[in-house]
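Below are the chains, spelled out letter by letter.
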Amino acid sequence: MLQDAVKRVDRAFDDFFRRVENREVPGYPRFRSRSRYASLTFKQYGNSFNLLPGTKGNKGTLVLTKLGHVKMIMHRPIKGTPKTAIVQRTQTGKWFVSISVEIPKEEVLSSRLPEAGEAVGIDVGLSTFAYLSTGEAIANPRFFRAEAAALARVQRKLSKAPKGSKKRTKKRKVVARVYERIGNRRKNFIEQEVCKLMKRFGLLAVEALVVRNMIRNPKLAKSIADVSWSQFFGRLQAKAEEAWRQVVRVNPAYTSQTCSACGHRQPMPLSVRVYECPHCGLVIDRDHNGSKNILVEVFIAVGRHSRVIPEAPGL
């Protein structure tokens, strides 16, 4: 267990000296008290941790060195050879363990999804979560906006509680539970939508958006953070690697301002949601037009990698 703690300290000092050499703000590593240390890593299966199957359903026992036997509920059966276990505590006082396993290549290949030859362009937005080049729109659930009233109510109660009191600690956990509920609903929504896309399409084209720069807009920052594009792109690429699909990021410049039929380009403010081409007469939803252009960019970029952005920093 201490191996990971030493590794974290070593990584912190490596980053510190790298920032000093690059003349950045160095930020000397800080001491982490037990209240700021929310996870423990057990790196050796059979030595530092072990798993004992239960007699009823999904119940089991996790054996941790120097801590003993801990009852747990496994949300899925363990497949493969366990390697490491990360025990983590959430802000609401819940405990989770993430177990990484090594699976033989044959089992991975046997669990592949059927091949899908259809390609799709995906244009993310705020009015709709995403618009597909097939003409389908995924509605934006706006989870944070839906919980805004409940969040304001519990935060008012927290601010009235005396500092340092047990009541304030209790109210802080109530606020954390609201944030946790928002995060869980958002994660569940993204996982479901990514799973649907993986089953249908073999090639998925998305924009290489640098979200950390876009979120600096004070008028759209809350909405951009609520829609969680970074989490969507991350899960999309991770699931694509697992399902043997291909995700390509293309340059987002002018995708919504270019006509998908004739290629005419015209400036359009964000308030205009319908694209009307004065040359060919095309009338189409702005996001649908952008998704079609994103898909076209992928096929144009085949063999010309300068047009494709495989990885965008800061997503």
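Below: a short report on this structure. Computed from a predicted structure; not experimentally measured. (Residues numbered from 1 in each chain as written. Predicted model: local features only at pLDDT ≥ 70, side-chain atom pairs only at ≥ 80, totals over all residues. Heavy atoms only, no water.)

### Here we look at the overall build of the chain
In terms of regular secondary structure, the chain is built from 9 helices and 13 strands. With the principal axes as the frame, the chain shows a C-alpha extent of 75 × 60 × 50 Å. Burial statistics for the chain: of 315 residues in total, 32% are counted as buried. In the chain, 57% of the contacts between residues at least 6 apart in sequence involve partners at least 24 apart. Accessible area for the chain stands at about 20300 Å²; split by element, carbon and sulfur atoms hold 54% of it. Of the charged side chains in the chain, 58 are positive and 26 negative, and the gap between their average positions amounts to 13 Å. (Helix = DSSP H or I, 4+ residues; strand = E, 2+ residues; numbered from the N terminus. Buried < 20%, exposed > 50% of the residue type's maximum accessible area, 1.4 Å probe, protein only. Contact = heavy atoms within 4.5 Å. Areas by Shrake-Rupley, 256 points an atom, 1.4 Å probe, with all protein chains shown as cover. Lys, Arg positive; Asp, Glu negative; His and termini not counted. Charge placed at Lys NZ, Arg CZ, Asp CG, Glu CD.)

### A word on the packing of helix α4 (residues 148-160) against helix α5 (residues 166-200)
Packing of α4 against α5 brings their axes to within 9 Å, and their N-to-C directions diverge by 165°. Considering their axes alone, α4 and α5 lie roughly antiparallel with respect to each other. Where α4 crosses over α5, the two elements pack in a sense that is left-handed. Residues A150, L151, V154, Q155, K157, L158 and S159 of α4 touch α5, and the partners they reach there are R168, K171, R172, V174, V175, V178, Y179 and R181. Considered class by class, the residues forming the contact of α4 with α5 number 8 nonpolar, 2 polar and 5 charged. (Axes fitted to C-alpha atoms, helices over the stretch in contact; angles between N-to-C directions. Parallel < 35°, antiparallel > 145°, perpendicular 65-115°, else oblique. Left-handed = near helix turned anticlockwise from the far one by under 90°. Nonpolar A, V, L, I, M, F, W, Y, C, P; charged D, E, K, R; others polar.)

### With respect to the pattern of salt bridges
Within the structure shown, the criterion is met by 12 salt bridges. For D226, the salt bridge identified is with R186, shortest N-O distance 2.9 Å. Taken together, the positions of D226 in helix α7 (residues 221-227) and R186 in helix α5 put the pair 40 residues apart, joining distant regions of the chain. Residues participating in the shared-partner salt-bridge network are E147, R181 and R185. (Salt bridge = Lys/Arg side-chain N within 4 Å of Asp/Glu carboxyl O.)

### As for the side chain of D226
When its relative accessible area of 6% is taken as the criterion, D226 is described as buried. If we ignore the near neighbours within four places in the chain, the residues touching D226 are R142, F143, F144, R145 and R186.

### A look at the sheet that holds strand β7 (residues 119-124)
Across the sheet, which stays open at both edges, the 5 strands sit in the order β9-β8-β7-β10-β11 with mixed pairing between neighbours. Strands at the two margins of the open sheet, each flanked by one partner only, are β9 (137-139) and β11 (246-250). Along the sheet, successive strands turn relative to each other by an average axial angle of 25°, direction set aside. Packing against the sheet, helix α9 (residues 286-300) makes contact with β7, β8 (128-132), β10 (203-207) and β11, and its axis sits at approximately 130° to β7. (Pairing = 2+ DSSP bridges.)

### Remarks on the sheet that holds strand β4 (residues 68-73)
The antiparallel open sheet is built from 3 strands, whose spatial order is β2-β3-β4. On the outer flanks of this sheet lie β2 (49-53) and β4, each paired with one strand and no other. Within this sheet the neighbouring strands show an average axis-to-axis angle of 25°, counted without direction. Two elements, β2 and strand β3 (residues 59-64), share 5 bridges in a ladder whose sense is antiparallel. Looking at β3, one finds that N50 is bridged to V63.

### Observations concerning a positive patch on the surface
A contiguous patch of positive charge, built from R153, R156, K157 and K160, is present on the exposed surface. Examined against the element boundaries, R153 turns out to sit in helix α4. (Patch = residues over 30% accessible without salt bridge, like charges linked within 9 Å, V, L, I, M, F, W, Y side chains within 5 Å.)

### With respect to the packing of α5 against helix α8 (residues 229-243)
Running from N to C, α5 and α8 cross one another at 40°; their axes reach a closest spacing of 10 Å. Our classification of the angle between α5 and α8 gives oblique. Note that α5 runs across α8; the crossing there is right-handed. Within the contact between the two elements, α5 uses R186, K187, I190, E191, V194, L197 and M198 and α8 uses Q231, F232, R235, L236, K239, A240 and A243. Partitioning the contact of α5 with α8 into residue classes produces 8 nonpolar, 1 polar and 5 charged.

### Notes on the packing of aromatic side chains
The tally for this structure, following the rule as stated, stands at 9 aromatic pairs. An angle of 70° between the planes, with centres 5.9 Å apart, marks the rings of F143 and F189 as edge-to-face. Here F189 lies in helix α5 and F143 lies in helix α3 (residues 143-146), a separation of 46 residues in the sequence. Given the relative accessible area of 13%, F189 is considered buried. Pairing F232 with F233 gives two aromatic rings, centres 5.8 Å apart and planes at 50°, and the pair type is tilted. With respect to burial, F232 and F233 carry one shared label: buried. By the ring-pair criterion, three or more aromatic residues cluster together here, those being F129, F143, F189, F232 and F233. Seen from the ring of Y254, R265 lies directly overhead, with NZ or CZ sitting 4.1 Å from the centre. (Phe/Tyr/Trp six-rings, centres within 6.5 Å; stacked < 30°, edge-to-face > 60°. Lys NZ or Arg CZ within 6 Å of the ring centre and 35° of its normal.)

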